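# Summary of the model geometry
Next come the chains, spelled out residue by residue.
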Amino acid sequence: MGELLRFEALLLAQALEPHTALRTGTVRRAELALTLLHGAASLAENAPGAGDPFDLARAAEHLAGVPVVDDADPPHLPFVGPARPTRDAWTAPGELHDEITGGRIGLDDDGVVVVLGVGRLSAAEEAMRSARPGDKLTFVVVTGDPGETGRLASLRVTDLIACLRRVFVPEDLPRSRVVFDDTGTVSAAIGRDAVDDSTEVAIRTLGGLIVARAEGRGAGHAVAGHAIQEGARQRSRASRK
C-alpha cells in the first residue's frame, strides 16, 4: 500500500505541474494532499458528519505553500550500472489499455517502457526524473498475484485517475502511460516470462528496435538516462576530433 500511495502521488504531481520537469517538492506536496484526503475519507466512513468539507478544502489549498525540503536521491542510484546497449528486434504489443486516458494504445512508439512489480512502484519516480524531455514513458504494472494484489492496485489507480479527470483538463493529466499487464503480454515481449511483486525491468525502443535494456533496482533510471549518456559520449568524441 505504501508503494501504491507513492505511485499515486507521482501521478498527482505530474498533473499539478504538467508542463515542467518533475520536482521532488511537488511529489512531497502531492503525498501530503493524499494523506489529508485519505484521512478525511476514512473519517467520513467511520464517523459521518465529522469535520467541515469547506475547512478541508481550505486546508488542501494551503498545502501549495507549505515549505518542504527536497529529498535526496535514493542511496542506491550511484551504484546503478549503465543500461546495456542492444539491437534486438521489438515486437510491440498492441491493444493495451492506458489507465490515464482510458483508451487503447500500442507500444510501437519510440520511448521507454518500465515494467514494475507492485512492490517497486516508487521506482517510477527515478525513471521520470531521468527521462529526457519528450520521452514517451510507459509504466507497466505487474504482480505475482493478479487476482488479488493486481486487482487492488488497479482499483486504487483507476480511482485516482477518475478523480484527476474531474479536476484537470485532458492536456494536464499525467504524461506517463500506465498499463496493467495481467496477462503477461508486455513482459513476454520484453523477454521476461516470470514476474513478481519485486520485478524491475526497463527497455528503450527506437525505430522498431530495443536499443537499451536494464534489470534490477534502478533499471528505469538507467534506461531512461541511456540516450542522454550516449549523446554526451558522442559529443565528447566529436569535440576531441
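Residues numbered from 1 in each chain as written. Predicted model: local features only at pLDDT ≥ 70, side-chain atom pairs only at ≥ 80, totals over all residues. Heavy atoms only, no water.

### Describing the sheet that holds strand β8 (residues 209–215)
Across the sheet, six strands lie side by side as β1-β8-β7-β4-β5-β6; this open sheet has mixed pairing. The two strands at the open ends of the sheet, each matched to only one other strand, are β1 (84–89) and β6 (177–180). Going across the sheet, the axis of each strand differs from the next one's by a mean of 25 degrees, ignoring polarity. Two strands pair when backbone bridges link them, and strand β5 (residues 137–142) and β6 are joined in this way by four bridges, in the parallel orientation. If you follow Phe 139 over to β6, its bridge partner there is Val 178. (Pairing = 2+ DSSP bridges. Helix = DSSP H or I, 4+ residues; strand = E, 2+ residues; numbered from the N terminus. Axes fitted to C-alpha atoms, helices over the stretch in contact; angles between N-to-C directions.)

### With respect to the environment of Val 223
Position of Val 223 relative to the elements: it lies in helix α7 (residues 219–224). Classification of Val 223 by relative accessible area gives buried; the value is 0%. Considering only alpha carbons, one finds Val 223 and Arg 204, 19 residues apart in sequence, at a separation of 6.2 Å. Apart from the residues within four sequence positions on either side, Val 223 is in contact with Ala 83, Val 112, Ala 202, Ile 203, Arg 204, Ala 212, Arg 213 and Ala 214. (Buried < 20%, exposed > 50% of the residue type's maximum accessible area, 1.4 Å probe, protein only. Contact = heavy atoms within 4.5 Å.)

### Regarding the pattern of salt bridges
Summed over the entire model, instances satisfying the criterion amount to eleven salt bridges. Salt-bridge contacts for Glu 8 lead to Arg 156; the nearest nitrogen and oxygen are separated by 2.9 Å. Linking Glu 8 in helix α1 (residues 2–16) with Arg 156 in helix α5 (residues 146–167), this pair joins segments that are 148 residues apart in sequence. Note on accessibility: Glu 8 and Arg 156 belong to one class, buried. Across the pair Asp 88 and Arg 213 runs a salt bridge, and its minimum N-O distance is 3.0 Å. Residue Asp 88 is located in strand β1, and its partner Arg 213 is located in strand β8; the two are separated by 125 residues in the primary sequence. Given a relative accessible area of 29%, Asp 88 falls into the partly exposed group. Judged by relative accessible area, which is 18%, Arg 213 ranks as buried. (Salt bridge = Lys/Arg side-chain N within 4 Å of Asp/Glu carboxyl O.)

### Section: the nonpolar core
Among the nonpolar cores identified, the biggest contains 45 residues, and Phe 7, Leu 11, Val 114 and Phe 139 are the most heavily contacted of them. Sort the elements by how many residues they give to this core and α1 lands first, with eight residues. Not counting the four nearest positions on each side in its chain, Phe 7 is found in contact with Leu 121, Ala 124, Phe 139, Val 157 and Val 178. Counting residues in each nonpolar core, the second largest holds 14 residues, with Trp 90, Val 142, Val 179 and Val 186 among its members. (Core = buried A, V, L, I, M, F, W, Y, C linked by side-chain atoms within 4.5 Å.)

### Thoughts on the packing of α1 against α5
Remark: α1 packs on α5, axes separated minimally by 11 Å, with the N-to-C direction vectors making an angle of 25 degrees. Here α5 runs roughly parallel to α1, going by the angle between their axes. Crossing angle aside, the handedness with which α1 passes α5 is right-handed. Of α5, the residues touching α1 (which contributes Leu 4, Leu 5, Phe 7, Glu 8, Leu 11 and Leu 12) are Leu 152, Ala 153, Arg 156, Val 157, Leu 160, Ile 161 and Leu 164. Class assignment for the residues of the contact of α1 with α5 results in eleven nonpolar, no polar and two charged. (Parallel < 35°, antiparallel > 145°, perpendicular 65-115°, else oblique. Left-handed = near helix turned anticlockwise from the far one by under 90°. Nonpolar A, V, L, I, M, F, W, Y, C, P; charged D, E, K, R; others polar.)

### So, the confidence of the model for the protein chain
Per-residue pLDDT for the protein chain has a mean of 87; in total, 93% of the residues score no lower than 70. The model gives residues 231–240 a pLDDT under 50, and that stretch makes zero contacts with residues more than four places away or in other chains. (pLDDT = per-residue confidence, 0-100.)

### Looking at unusual backbone geometry
Despite not being glycine, Glu 95 has its phi angle at roughly 55 degrees, a positive value. On the secondary structure map, Glu 95 appears in the loop between β1 and β2 (96–97). According to the relative accessible area criterion, Glu 95 is exposed, its value standing at 62%.

### A closer look at the side chain of Asp 135
Checked against the element boundaries, Asp 135 lands in the loop between α4 (124–130) and β5. Judged by its relative accessible area of 18%, Asp 135 is buried. Within polar-contact distance, the side chain of Asp 135 engages the side chain of Arg 204 at 2.9 Å. (Polar contact = N/O pair within 3.5 Å; in protein donor to acceptor, adjacent residues only side chain to side chain.)

### A look at the side chain of Glu 17
Summarising the element assignment, Glu 17 is placed in the loop between α1 and α2 (24–46). Here Glu 17 falls in the buried class, since its relative accessible area comes to 18%. Once residues lying within four places of it in the same chain are set aside, the contact partners of Glu 17 are Arg 23, Thr 26 and Arg 175.

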